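Per-entry structural report
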Amino acid sequence: GGVYQDTWGDRGQQPISMRDFRSAFIDPLAASQMQLIFLANTKYLDDLSTFCKCFLGVPVEEAYLYSADRLGFSCIGLREGTENLWREYRFPFSKEVKNMEGFEQMLTAMVAEVVAAEKEAAAGRG
């Protein structure tokens, strides 16, 4: 048997060498995708919408994380005031994440950054 990769377009599956297969990079968070997605979409669900507004300036009614890797995560969000305008948003991490604990630390740090910004904004108004 051979090892194949799927490609876009008319080329279909293409064979790859075992040398290339063995040397391929595997993201350290790949094996824990389901746990990361579950964590983000339960414990941090409300924060995902807040991240869209505070970090990207995009108000969304709801947001769900669907993918994470060592460099950041991707969400889909329903734009505020629309019935069905879902968009993809990417959030890069400030440093590379190598495990589940690091992923949660980054989310916690993002929450803390939002809280600090809100406090600063409130102090500026008062």
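The following refers to the structure shown. Please read all numbers here as calculations on a predicted model, not as lab measurements.

The next point concerns the overall build of the protein. For the protein, the count of helices and strands is four helices and five strands. Ordered by position from N to C terminus, the α and β elements of the protein give β-β-α-α-α-β-β-β-α. Here the protein holds 126 residues, and 28% of them are scored as buried. Pairs at least 24 apart in sequence give 39% of the contacts found in the protein among residues at least 6 apart. Carbon and sulfur atoms form 54% of the exposed surface of the protein, whose accessible area is close to 8,700 Å².

The first and last C-alpha atoms of helix 4 (residues 100-125) sit 38 Å apart over 26 residues, in line with the 38 Å expected at 1.5 Å per residue. Burial in helix 4 covers these residues: Gly102, Phe103, Met106, Leu107, Met110 and Val114. Among the residues of helix 4, the N-terminal cap falls to Asn99, whose side-chain oxygen and the backbone nitrogen of Glu101 are separated by 3.3 Å.

Turning our eyes to something else, we now look at the pattern of salt bridges. Taken as a whole, this structure holds five salt bridges when the rule is applied. Between Lys43 and Glu104 there is a salt bridge whose closest N-O contact spans 2.6 Å. Of this pair, Lys43 sits in the loop between helix 2 (33-42) and helix 3 (45-56) while Glu104 sits in helix 4, and the two are 61 residues apart along the sequence. Note on Glu104: relative accessible area 23%, which makes it partly exposed. Ionic pairing is found between Glu96 and Lys98, a salt bridge with its closest N-O pair at 3.8 Å. Accessibility expressed as a relative area gives 39% for Glu96, which makes it partly exposed.

Once that is clear, we can look at the side chain of Asp69. As for its placement among the helices and strands, Asp69 is situated in strand 3 (residues 60-69). Here Leu71 takes part through its backbone nitrogen, which lies 2.8 Å from a polar atom of the side chain of Asp69. Looking at Asp69, its side chain comes within polar contact range of the side chain of Arg90, at 2.9 Å. Other than its neighbours up to four places away in sequence, Asp69 contacts Asp27, Leu29, Gln33, Arg90 and Phe93.

Our next topic: the pairing of strand 4 (residues 72-79). Buried residues dominate strand 4, accounting for six of its eight residues. As paired elements, strand 3 and strand 4 share eight bridges and run antiparallel to each other. Its bridge partner lying in strand 4, Glu62 is registered against Leu78. Between strand 3 and strand 4, which pair antiparallel and follow one another directly, the connecting turn spans two residues. Across seven bridges, the pairing between strand 4 and strand 5 (residues 86-92) is antiparallel. Of the residues in strand 5, the one forming a bridge with Phe73 is Phe91. Counted between consecutive antiparallel strands, the loop separating strand 4 from strand 5 contains six residues, among which Gly81 sits at a positive phi close to 80°.

Parameters at a glance
Residues numbered from 1 in each chain as written. Predicted model: local features only at pLDDT ≥ 70, side-chain atom pairs only at ≥ 80, totals over all residues. Heavy atoms only, no water. Helix = DSSP H or I, 4+ residues; strand = E, 2+ residues; numbered from the N terminus. Buried < 20%, exposed > 50% of the residue type's maximum accessible area, 1.4 Å probe, protein only. Contact = heavy atoms within 4.5 Å. Areas by Shrake-Rupley, 256 points an atom, 1.4 Å probe, with all protein chains shown as cover. Expected span 1.5 Å × (residues − 1). Polar contact = N/O pair within 3.5 Å; in protein donor to acceptor, adjacent residues only side chain to side chain. Salt bridge = Lys/Arg side-chain N within 4 Å of Asp/Glu carboxyl O. Pairing = 2+ DSSP bridges.

Shape is all these values report; function is a separate question.
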